[in-house]
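Structural characterization, general
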Amino acid sequence: MTTTRKTRREFLQQSLMAGAGLTISAMGMPASSYARIMGANDRINVGLVGFSDRARQALLPSFFSHNRELNFDLIAVSDIWNRRREEGKAFLQEKTGHNVQACTNNDELYRIKDLDAVFIASADFQHAYHTIEAVKNKCDVYSEKPFAETMAEARQALKAVKESGKIMQVGTQRRSGGSYHAAANFIKDGKFGDITMVEMTWNVNQPGRWRRPDLVKSIRESDTDWKRFLAGRPNDSWDPRKYLEYRLFWPYSSGIFGQWMTHQIDTVHWFSGLKHPRSAVANGGIYMWHDGRKNPDTLTAVFDYGPADAPDKGFQVMYSSRFHNSAGGTKEIYYSNGGTIDMSTGKISNTGGLTEREASEMGMHANLLPSISLNQEKVETSANTGGDILTNAHVRNWMTCVRERKQPNAPIEAAYSHSIALIMGNAAYRTGMKATFDEATQEVMVGGKVFTL
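Let us look at the structure shown here. (Residues numbered from 1 in each chain as written. Predicted model: local features only at pLDDT ≥ 70, side-chain atom pairs only at ≥ 80, totals over all residues. Heavy atoms only, no water.)

**Some thoughts on the pairing of strand β2 (residues 72-78)**
As a reminder, the rule being used: The buried label applies to any residue whose accessible area, calculated with a 1.4 Å probe on protein chains only, is under 20% of its type's maximum; exposed applies above 50%, and partly exposed to all values in between. Secondary structure elements are taken from DSSP: a helix is a run of H or I of four residues or more, a strand is a run of E of two residues or more, and numbering for both begins at the N terminus. Two strands are counted as paired when DSSP detects at least two bridges linking them. Orient the strands so they point away from the viewer, and a crossover whose first-strand-to-second-strand path over the helix runs clockwise is right-handed.
In terms of burial, β2 is largely enclosed, as 7 of its 7 residues are buried. Of the pairings in the sheet, the one linking strand β1 (residues 44-49) to β2 comprises 6 bridges and is parallel in character. Bridge pairing in β2 links V49 to S78. Where β2 and strand β3 (residues 101-103) come together, 3 bridges link them in parallel fashion. Across the sheet, residue S78 finds its bridge partner in β3, namely C103. Once you follow β2 into helix α4 (residues 82-96) and on to β3, the crossover reads as right-handed.

Quick look at the structure:
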């Protein structure tokens, strides 16, 4: 249940507009967004949903790099676990130099007057749920990825955000990288030619990734709110591993697909202009870390992309990831008949492309690509990325867009698209069948049936 809030700022703004004879429709804004119109110099007050490692290590350092310049403040933290709630309050009070309200849940958070926006850094499966809460309470949103792990949640969140008129950015931070913008423009200008293949890898050797054994031993159900944690998932008995190590357990996370693949598959949608794959197949398993986890430690998925009405056009995306050997690291390579764009090295080149002689012999034109350096930003693969350059730029982009009321680099549509791809990959892996997407129903299909939890 949401709480209706009208602040002094809102009252004055509505009165001023009425006195000037202005209507909301005349201003080109949905009626639902009028209440948070801000003056250029108004302070924007932000709350944090979930004092997670990601929030503490990356999002907050990025925020505090820009908040004074852009006149933002962090005024509250909401976390259902008493330990994280207390840690978050202490951390934020040290950073801000003033009192920060610690909320036991989001109902309490959204009763705060003059709350304008929130960071959502909660568990993977809660992001869409918490985004819906936020926009219904008239707050702009920066949500960590993955955005949604089921199509029902994705559709509900897409509808809620679009109806609200609020600014929403999802945390696929490559969209704020200069090298990625350069590559996207090169492709969209027609210089690269048609994409014919994309290879992506994300390899680490991190036995403890997503494990929290010490915390698992210490937490008690009475320390938190397990029922609220489930946030729409099927009823389940208390399990500290599912609470703290949720990325290892479906349906609390799709694991590799949601955590890592979403970053890279998002660039495919951006660069190609396509919204989702036509089909997906996947295989993998738990080959190394037999520690009770249910999500795979090794995974390979193959996606087919292209226009739905032109099966003879398109390209393939091959994605692979492993936890137990880091050789190869991360790789994002786009291929065309003319050459390659290697995002891992930040280079555009004619490597592998058709030469003029080969093209002439076939009666074709060779698209000889120039050698270009994209000045790529380093992509972090460690669990603690810190306030890396991509996240820093992405958070600043969101803050600027909240201030200027314009669409950010990774809006709700991008979040919806990467959710489709990860759900298709997850569906293919869990059923062993090819997954497709039904445009009419907006459902992921396997074996003629809708894929569900």
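**Observations concerning unusual backbone geometry**
At the junction of K145 and P146, the peptide bond is cis and its omega measures out at 0° in the coordinates. You can see P146 is positioned in the loop between β5 (140-143) and α7 (151-164). Backbone torsion omega between W250 and P251 reads 15°, so that peptide bond is classified as cis. Counting through the fold element by element, P251 comes out in the loop between α11 (240-244) and α12 (256-272). Despite not being glycine, R405 has its phi angle at roughly 60°, a positive value. Note that R405 resides in the loop between α14 (389-404) and α15 (412-431).

**Things to note about the sheet that holds β3**
Rules: Every axis in this analysis is a line fitted to C-alpha atoms, fitted for helices over the stretch in contact. Angles between the N-to-C directions lie between 0 and 180 degrees. Every residue pair with non-hydrogen atoms within 4.5 Å of one another is taken to be in contact.
Taken in spatial order, the 6 strands of this open sheet run β3-β2-β1-β4-β5-β6, and their pairing is parallel. The open sheet has two free edges, formed respectively by β3 and β6 (168-170), since each of these has just one partner strand. Here the strands of the sheet are splayed against their neighbours by 20° on average, with no regard to which way each runs. Seen against the sheet, helix α6 (residues 127-136) touches β1, β4 (117-120), β5 and β6 and runs at an angle of roughly 165° to β5.

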